[in-house]
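Structural overview
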Amino acid sequence: MEIETQPRRRRSLVSLTPLIDVVFILLVFFMLATSFLDWRSIVMDLPGAGSTVAEESPALVVSIHADGALLLEGETVEPNGLARRLSEFMAADPDRQVIVRPDDSVNLQRITQVVEQLQAAGAVRMRLDRGGR
Amino acid sequence: MRMPETSRREPAENVIPLINIVFLLLIFFMLAGALTRPDVFDVEAPQTRSGRLAELPEDGVILLAADGRLAFAERQLNLDALQPEVADWLAADPHARLTLKADAAVSADRLLTVMDVLRDAGADRVTLLTNPADR
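Summary of the structure given here. Treat the numbers as computed from the prediction; the structure is a model and nothing was measured.

**A word on the interface of chain B and chain A**
- Each side of the interface is counted separately: chain B has 55 residues, and chain A has 41 residues.
- Both sides together, the interface formed by chain B and chain A hides about 4600 Å², and carbon and sulfur atoms give 66% of it.
- Per-residue buried area on chain B facing chain A is highest for F29, L112 and L128 of chain B; these three make up 13% of the total on that side.
- The tally of links from chain B across to chain A stands at 3 salt bridges.
- Here D116 of chain B makes a salt bridge to R130 of chain A, at a shortest N to O gap of 3.6 Å.
- The tally of links from chain B across to chain A stands at 16 residue pairs in polar contact (both at pLDDT 80 or more).

**Considerations on the nonpolar core**
- Counting 49 residues, the largest nonpolar core has I111 and L118 of chain A together with L82, L98, L100, L111 and L118 of chain B as the members making the most contacts within it.
- Top element by residues in this core is helix α3 (residues 108-120) of chain B. It accounts for 7 residues.
- When near neighbours in sequence (up to four residues on either side) are disregarded, L82 of chain B contacts L70, F72, L77, V114, V117 and L118 of chain B.
- Grouped together as the second largest cluster of nonpolar side chains are 6 residues, V23 and F30 of chain A together with V22 and F29 of chain B included.

**Points about the environment of R110 of chain A**
Residues and elements named next belong to chain A.
- For R110, the position within the fold is in helix α3 (residues 108-120).
- The partly exposed category is assigned to R110, whose relative accessible area is 21%.
- Distance from R110 to G131, taken between C-alpha atoms, is 14 Å for residues 21 residues apart in sequence.
- Every residue in contact with R110, bar those within four places of it in the chain, is listed here: I64, G68 and L70.

About the thresholds
- Residues numbered from 1 in each chain as written.
- Chains lettered and ligands numbered in written order.
- Predicted model: local features only at pLDDT ≥ 70, side-chain atom pairs only at ≥ 80, totals over all residues.
- Heavy atoms only, no water.
- Contact = heavy atoms within 4.5 Å.
- Buried area = accessible area lost by both parts, 1.4 Å probe.
- Salt bridge = Lys/Arg side-chain N within 4 Å of Asp/Glu carboxyl O.
- Polar contact = N/O pair within 3.5 Å; in protein donor to acceptor, adjacent residues only side chain to side chain.
- Core = buried A, V, L, I, M, F, W, Y, C linked by side-chain atoms within 4.5 Å.
- Buried < 20%, exposed > 50% of the residue type's maximum accessible area, 1.4 Å probe, protein only.
- Helix = DSSP H or I, 4+ residues; strand = E, 2+ residues; numbered from the N terminus.

Keep in mind that these numbers describe shape and distance, not what the molecule does.
Below you can see the structure in the form of structure tokens.
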């Protein structure tokens, strides 16, 4: 009995090299053009807006001083105590507007830190206003 | 004279795994990353721990750099030119939401100046963009 010899593997006529080139170029394109940043958002009323509706209770004012001090309704609060103090106010009236008043030199990173604490305390309607100095 | 026979050798078979991996990387970058148009200038958004996840809007984004440069609709412009541009954009769709992508180092003074302009242009609220803080 004769054993069949295995058919010889033939080299494909199409060269792989251009394919690899193109795939590499595509890969480099997608690596450079895509971004992996994910985004969060904070919705804020603009200064001076939102006061057309008759308010049940006046807005709460949170001031941020340039030295980092936080004031709620004119009283100094501990950096970590803001959310607790504010949630007492928000429990009474959940729709109450909160006005954030940063000093002119306070940067946005600090403002968003404070706004986050306000959100944690249940504030929904927030706006920035000029604090002066 | 006899030349030594040059044998064109076939490339080793192991290019196939290489191609496989490159294809996988390609598919990963195509699916996992979001193709975005590069901004007019770089803005380092403030970092927050919480906040709602936002889909980056296509238009209506105002860029505000740390040094005070402004851009709207892929064009850099100055503060005086911003108001008519934003007013035009809002006139096309009054329910459209403006998005402010401001640098973390922007001062409150500059931020409020820009916000005043947006209010004068007819907007009543704005979405501030932030990045999640890495822990």
